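# Summary of the model geometry
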Amino acid sequence: MQVLKFGGTSVASAENIRKSIAIAAAAKQGPVIMVVSALGGTTDALIGIGRAAATADGAYRETLNQLEERHLGVAQELSADGQGPESALVRAQFEELRQLCNGIFALGELSTRTLDKLMSYGELLSSRLVASVAAAQGLDAVWADARQLIRTNSRFGMAEVDMAVTERLVAGFNAQHPAAMWVVPGFIGADAQGVTTTLGRGGSDYTAALLAAALKAHVLEIWTDVSGMMTADPRLVRSARPIARISYQEAMELSHFGAKVLYPPTIQPVMRRGIPLWIKNTFAPADYGTLVEVEPPRTAAVVQGISSIGNLALLNLEGSGMVGVPGFSMRLFAALARERINVVLITQSSSEHSICVGVNEPDTTPAQVAVDQEFAVEIAAGRIEPLRPERGLAIVALVGENMKDHPGISGKLFGALGQNGINIRATAQGASEKNISTVIRAADVRKAVNVLHEAFFEATGKQVNLFLLGPGNVGSKLLEQLAQQQRHLLEKLGLQLRVVAIANSRHCLVNEAGLDLTTWPAELGEAPPLPLADFTQLIIDRNLRNSILVDVTADPAAAGCYAQLLEKSVAVVACNKVACSSDYASYARLKSLSKEFNASFLFETNVGAALPIIGTLNDLTRSGDVVRRMEAVLSGTLNFVFNHYDGTRPFAEVVRQAQIEGYTEPDPRLDLSGSDVARKILILAREAGQAMEMSDIQIEPFLPPACLAGDVAAFYSQMAAHEAHFRALYDAATAAGKRLKFVARYADGKATVGLQQVALGHDLYDLRGKDNVVLFYTDRYIAQPLVVKGAGAGAEVTASGVFADIIRAARL
Ligand code: ADP
Ligand code: ASP
Ligand code: MG
């Protein structure tokens, strides 16, 4: 004996019905009980029709006609010559349905009893069609009315089954109908008076389990549209995969916590009899599916699956009057039970100061009324607070029996959610440790389930979502490097880097599935504009896991968005120096937000492009060293200029060459005036622990003031006019056997920047091209400094520095 249940999609069309019948006919351990759902979507349609009729909305007639057309279409396709009994059968059922709906319309009322009657037609239709076609194919098939087999109480909409009577009824039917195949409508039953009831939405699975238990079947097979119970809801997690073997307990937990593939009450009847339950895919019958059994072979998997249920509200009962007084919980639960309110989750702090229960959202108001009434006296006396419901929540649960033997699972769960800014409102973990539940905002569910799936099931492939501002020189190089490295990153580091948005001041290109990094330049030009504030909001609203803002602009407005993002746990990687060199309070706030919300704020390229200067400084201070003094050449531009200027070409021309080769800031005056170097030493001083402002830095300019008076064009012409000044500086240094270097110094909380003559043998003397160098004198590096030296400017190296920061943020 074998029971096979076919779900709504499996019987949604004539073609699918044929597939289902073929699967049932091929079953080895006959006789076969075939339980069927309504044609996919029918139950929802019937409910809609009933509600419309009850509210005097005549449109129900049209919807009913459409539903009939759909069934007739399937019936005609199924009957071999179009003349089979199937069409007449459908018409007869719809005649009854029409009368029922007219009655609802006339009365203007839809009771739960009438709704059950109405919904039952979905399964009655599908099962009659299937039975008729199976018989026409020559199979020894009979239609068995579930209302004569499944006995329930009269709780319409969610009737409870009387198993003893059901077993007798099934045995009786079995004795009278020794057919090789029964076709049974799922979902429905009848009470002792023979009135039609239903077993709850999705209840056809349960019908099948009840029949399997009553008949002591060898196996119960649930045929559906996915290849088994999966590690997460495949509609939420693209990389979810089927679980081959799972225990009844685990399957029960997963289904209770939202894995829709199995209606939760289904497990209990088959578990009691030890009947294996196999979930299979009607559309890929060769796939293994999921076998649910008593003791599946132990696997390495600690967490078996992740599931979620939405529409949850939390009710928090609290007050000092509860501490140490017995009976509060009992009264709370009794009050809820009287209203037939189902408690989904409970948590209580050990201080007994509060009890928190989760209920389905529609139950919130009745629950609040019931509980406030129960505790009216205590509330009036101020010993208990009135109930504060919180709506719009959901539960995300980890399920797995092996979790109890593994420490650190909760830590990993909380860590993964925390890093993504997902706030946990409550948690519950039973002592059996088969399930760890967290209550979060409903809006965070997709992100949470994906983050957890990555953390527990995907050893490789953490998805990281990048939002890039400023695809200019450095930005486009960065995108090029990302495109080149994507495969390598996935294979070697398990990072799946995706660029979700690219924006400049004129256009914003977005693709949540990840932009094509080879075609973006053309596409960006076509994309609409998006103001910066909306770009920030877009990052927040998309709420994607592991999001990083990559700011490759020099725009103060862009820097103004960081705080808002860090507060949402979105990491920020900035090449833009504005944020770290603006007022100290803003810099300090960003650093503390980064800590508080567990979001990286990285800006290595603010000083010396990709050179590990800030990283080294951080390592020194984190390990307890104290930076006493720093001496540095921090402007690749100025170094390039002074290395190339020897009086043979005008100074202005050398500066222009530096700009053309991409070594200057977008505005070269920032470099030449020394203010860019001042910003850099300021950032280093701050990172070394000094609360400094830009105004504390002494800048000794070497440009004649006229050079900085006008715009960029005037700047070049003024430099040309002052060639003699630059020549004199050069000649003086050369005469003394020295070189000109633009040096930044920091010592004991004070900093200066200015042009200096550096003697041969000094650490700063021998610097080529656009090199930067930083000398750190610390408590550990006293006589000889720690030196970091190398190319400190250029789009390619700067991009690689931003890239390295992205990887750092992604791997956190
Ligand atoms: P049927 O009509 O066959 O009973 P259902 O729609 O009731 O099918 O259940 C199957 C659906 O359950 C799948 O299509 C899938 O979208 C959803 N689902 C949710 N969570 C899971 C999960 N963990 N594993 C498999 N399917 C799931
Ligand atoms: N047709 C019913 C429903 O949609 C029962 C089921 O499909 O299992 O809820
Ligand atoms: Mg179902």
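About the criteria used
Residues numbered from 1 in each chain as written. Chains lettered and ligands numbered in written order. Predicted model: local features only at pLDDT ≥ 70, side-chain atom pairs only at ≥ 80, totals over all residues. Heavy atoms only, no water. Buried < 20%, exposed > 50% of the residue type's maximum accessible area, 1.4 Å probe, protein only. Helix = DSSP H or I, 4+ residues; strand = E, 2+ residues; numbered from the N terminus. Pairing = 2+ DSSP bridges. Axes fitted to C-alpha atoms, helices over the stretch in contact; angles between N-to-C directions. Near = heavy atom within 4 Å. Polar contact = N/O pair within 3.5 Å; in protein donor to acceptor, adjacent residues only side chain to side chain. Areas by Shrake-Rupley, 256 points an atom, 1.4 Å probe, with all protein chains shown as cover. Nonpolar A, V, L, I, M, F, W, Y, C, P; charged D, E, K, R; others polar. Salt bridge = Lys/Arg side-chain N within 4 Å of Asp/Glu carboxyl O.

### What to know about helix H23 (residues 636-644)
With seven of its nine residues buried, H23 lies for the most part within the structure. Turning to H23, its buried residues are Gly-636, Thr-637, Leu-638, Asn-639, Phe-640, Val-641 and Phe-642.

### Brief notes about the sheet that holds strand S14 (residues 388-399)
Strands sit in the order S12-S13-S11-S14-S16-S15 across an open sheet of six strands; the sheet is antiparallel. Edge strands, defined here as strands with exactly one partner in the open sheet, are strand S12 (343-348) and strand S15 (426-429). Ignoring strand direction, the axes of neighbouring strands in this sheet form an average angle of 30°. Sheet topology note: the S12/strand S13 (residues 354-360) ladder contains five bridges and is antiparallel.

### Details of the site of ligand 2
Taken together, Ser-37, Thr-43, Glu-123, Phe-187, Arg-201, Gly-202, Gly-203 and Ser-204 make up the full set of residues adjacent to ligand 2. Ser-37 is positioned with one of its side-chain polar atoms (N or O) 3.1 Å from an oxygen atom of ligand 2. With respect to ligand 2, the side chain of Arg-201 contributes an N or O atom lying 2.6 Å from an oxygen atom. A total of 260 Å² of accessible area belongs to ligand 2 in isolation, and the protein chains cover 85% of it. By residue class, the composition of the shell around ligand 2 is one nonpolar, five polar and two charged.

### Some remarks on the site of ligand 1
What surrounds ligand 1 is a group of 16 residues, the closest being Gly-8, Thr-224, Asp-225, Met-230 and Lys-260. A distance of 3.0 Å is found between an oxygen atom of ligand 1 and a side-chain nitrogen or oxygen belonging to Lys-5. At 2.8 Å from a nitrogen atom of ligand 1 is found a main-chain nitrogen or oxygen belonging to Met-230. With the chains in place, 89% of the 570 Å² that ligand 1 exposes on its own is no longer accessible. Each residue belonging to the shell around ligand 1 can be placed in one class, and the counts come to seven nonpolar, four polar and five charged.

### Some words on the pattern of salt bridges
Tallied over the entire structure, the rule returns 38 salt bridges. Of the charged contacts in the structure, one is a salt bridge between Asp-676 and Lys-577, with a shortest N-O distance of 3.4 Å. Placement of the pair is Asp-676 in helix H26 (residues 675-687) and Lys-577 in the loop between strand S21 (571-574) and helix H20 (578-581), with a sequence separation of 99 residues. Residues Asp-676 and Lys-577 agree in their burial class; the two are buried. Salt-bridge contacts for Lys-680 lead to Asp-676; the nearest nitrogen and oxygen are separated by 3.2 Å. Of this pair, Lys-680 and Asp-676 are both found in helix H26, four residues apart, which corresponds to roughly one turn of the helix. Residue Lys-680 shares its accessibility class with Asp-676, and that shared class is buried. Put simply, Lys-577, Glu-665, Asp-676, Arg-679 and Lys-680 are held in one network by salt bridges that share partners.

### As for unusual backbone geometry
Residues other than glycine seldom take positive phi values, yet Asn-543 does so here, at roughly 50°. By the element assignment, Asn-543 lies in the loop between helix H17 (532-542) and strand S20 (547-551).

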